[in-house]
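A closer look at the structure
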Amino acid sequence: EDKVVQSPLSLVVHEGDTVTLNCSYEVTNFRSLLWYKQEKKAPTFLFMLTSSGIEKKSGRLSSILDKKELFSILNITATQTGDSAIYLCAVEAQGAQKLVFGQGTRLTINP
Amino acid sequence: GAGVSQSPSNKVTEKGKDVELRCDPISGHTALYWYRQSLGQGLEFLIYFQGNSAPDKSGLPSDRFSAERTGGSVSTLTIQRTQQEDSAVYLCASSLDRVLGFGPGTRLTVT
């Protein structure tokens, strides 16, 4: 059964800190890994990763995938209070129609 | 353009009652998903519709749950004889190219 595990489950830091969120996975016939940000209800798309070692970057957020070790990290530099959210990691398998999500990491940025 | 919309945004119902949750996907999106998110948990896949193909119902937790998608657009998730463990946020998502766009969800509370 495909599985996604995120760590930590919860993280509290001060504004300006840098954080690293982890996502490990087990999936048959991996196709892609996705990161979403969930602030209230609707998760919003951040990144889709398909190849190892290629960093995806958007402003202060970046992510990279390691297909050998079966994990991904999401980095946020110079955190702001608006980064407070649940960050969800999901994997997609070849031929599968659904994403399998991890439990999420609840990130709180204190001013 | 308009995103995924869901109604109602909140629903409180008594145990044993039936509920219907509605999802209007993004226009032109052929794929539609229902996920469930219990408090502090990740997203749990429920059901997937793709065009005119038979839906993937593999995530429905019991036969009290059913869903339909009329005319390839609007979808309704029905929960019969609700139980307290059905309390969760029910999220709908649609996609055209594997990146899911989520709706704001319906928070269901069964008392």
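Reference entry: report on the structure contained in this document. (Residues numbered from 1 in each chain as written. Chains lettered and ligands numbered in written order. Predicted model: local features only at pLDDT ≥ 70, side-chain atom pairs only at ≥ 80, totals over all residues. Heavy atoms only, no water.)

The next thing to look at is the sheet that holds strand β1 (residues 5-7) of chain B. All names here are of chain B. The four strands lie next to each other as β1-β3-β7-β6, forming an open sheet whose pairing is antiparallel. Where the open sheet ends on each side, the last strands, each with one partner, are β1 and β6 (65-69). Averaged over all neighbouring strand pairs, the angle between strand axes comes to 15°, with direction disregarded. (Pairing = 2+ DSSP bridges. Helix = DSSP H or I, 4+ residues; strand = E, 2+ residues; numbered from the N terminus. Axes fitted to C-alpha atoms, helices over the stretch in contact; angles between N-to-C directions.)

We describe a pair of aromatic rings using the distance from one ring centre to the other and the angle between the two ring planes. Tallied over the entire structure, the rule returns ten aromatic pairs over all chains. Measuring from centroid to centroid gives 6.0 Å for Tyr36 of chain A and Phe101 of chain A, while their planes differ by 50°, and the two rings are tilted. Here Tyr36 of chain A is found in strand β4 (residues 30-38), whereas its partner Phe101 of chain A is found in strand β10 (residues 99-101), with 65 residues between them in sequence. On the numbers, 5.5 Å between centres and 90° between planes, the contact of Tyr36 of chain A with Phe102 of chain B is edge-to-face. With Tyr36 of chain A in strand β4 and Phe102 of chain B in strand β9 (residues 101-102), this residue pair bridges two chains. Joined through ring pairs, the aromatic side chains of Tyr36, Phe45 and Phe101 of chain A together with Tyr33, Tyr35, Phe45, Tyr48 and Phe102 of chain B make up one cluster. (Phe/Tyr/Trp six-rings, centres within 6.5 Å; stacked < 30°, edge-to-face > 60°.)

Residue and element names in this part refer to chain A. What the five strands build is an open sheet, ordered β1-β3-β8-β7-β6; its pairing is antiparallel. Edge positions in the sheet fall to β1 (3-7) and β6 (56-58), since each has one partner strand and no second. Within the sheet, the average angular offset between the axes of one strand and its neighbour, ignoring direction, is 15°. Bridge analysis of β6 against strand β7 (residues 61-66) gives three bridges, and the strand direction is antiparallel. The residue bridging Lys57 from the neighbouring strand is Ser62, located in β7.

Contacts between the two partners involve 19 residues from chain A, matched on the other side by 21 residues from chain B. Of the roughly 1,600 Å² buried between chain A and chain B on both sides combined, carbon and sulfur atoms contribute 57%. The closest approach of N and O atoms between Arg98 of chain B and Glu92 of chain A, which form a salt bridge, is 3.0 Å. Those elements giving two or more residues to the side of chain A that touches chain B turn out to be β4, β5 (43-49), β9 (85-93) and β10 of chain A. No other element matches β4 of chain A, which puts five residues into the side of chain A that touches chain B. A class-by-class count of the residues in the side of chain A that touches chain B yields nine nonpolar, six polar and four charged. (Contact = heavy atoms within 4.5 Å. Buried area = accessible area lost by both parts, 1.4 Å probe. Salt bridge = Lys/Arg side-chain N within 4 Å of Asp/Glu carboxyl O. Nonpolar A, V, L, I, M, F, W, Y, C, P; charged D, E, K, R; others polar.)

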